[in-house]
Each structure stands twice: as structure tokens, then as C-alpha cells.
Amino acid sequence: MFSHVMIGTNDLDKAKAFYDKLLGTLEVRPARVDGHRIFYITKTGVFSVSKPINGEPATCANGGTIGFACNSPEQVEAWHAAGVAAGAKSIEDPPGIRQGPGGKLYLAYLRDLDGNKICAMHRLPA
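Residues numbered from 1 in each chain as written. Predicted model: local features only at pLDDT ≥ 70, side-chain atom pairs only at ≥ 80, totals over all residues. Heavy atoms only, no water.

Q: It is not clear to me how the sheet that holds strand β8 (residues 117-123) should be interpreted in this structure. Could you clarify?
A: Through backbone hydrogen bonds, the strands of a sheet pair up, either in parallel or in antiparallel fashion. Ordered in space as β5-β8-β7-β6, the 4 strands form an open sheet in which the pairing is mixed. Because the sheet does not close on itself, it has two edges, and the strands there are β5 (66-69) and β6 (89-100). For this sheet, the mean angle separating the axes of adjacent strands, direction not counted, is 20 degrees. Pairing geometry for β6 and strand β7 (residues 103-111), over 8 bridges, is antiparallel. Counted as the bridge partner of Ser90 is Leu110 from β7. Along the sheet, helix α1 (residues 12-24) contacts β5, β7 and β8; its crossing angle with β8, the most-contacted strand, is approximately 10 degrees. (Pairing = 2+ DSSP bridges. Helix = DSSP H or I, 4+ residues; strand = E, 2+ residues; numbered from the N terminus. Axes fitted to C-alpha atoms, helices over the stretch in contact; angles between N-to-C directions. Contact = heavy atoms within 4.5 Å.)

Structural data, given as C-alpha cells:
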């Protein structure tokens, strides 16, 4: 359904350093820099961070969350730890199991350096 997700940043260098570390826990290669944007390209899609092209400050989406798929609860934990170590703020409940309409999920939530809400998720077997 989606080809890519792009979020804004006010400091591309800091965002690249942060997301290189964070997404490295998911075995994603460091970003490719393209002027005012960076791209993380995988077989399943593209995640990008950009300075706003209109010259206005980047702001985070109120009510928005970007979720990253993980292979295991341990990978969720590694993602969360790497994010906190790189300056993100842990939000909501600590990483762990949540029961939802889609079954059991192992989740962790962070606010990145620009305030974007991001999540790591692993679907547990039924």
C-alpha cells in the first residue's frame, strides 16, 4: 500500500546520526544523503527524513506514529535501547507485550530528536 514514509527534521546531520544507529538495529544500512534529505532503502519500502522544502521549521504530527517492523522482541528492545542512547525520549509504557485487536504485539515507543513518535513492533504468535 505504501511506497515510502517521509518525516521532517530541523537538523539533517543529527537526524542521520540518530536514524543510522536506530535503524542499524533492524539491519538497515546507513542513509543515502540527497541534498536536504536522507533515504533508508530496503526491499519492503523507503523511510526518509527531510528538511522542509518550504523553508519553514519541521514539526511532528499530532496523533501520528511511524512503526518499524521487527523480527523479535529482542530486536524491539535493541531498537529502543539504541534510540534512547542516541537521544530519543522513551514514551508510553516500557517496551513489552500489548494485546490488541490484531493479537499480541511486542511494542516500544520513542520520540525522536524532532519530536516524531516512532514505534518498533513485533507480532507475537497467536
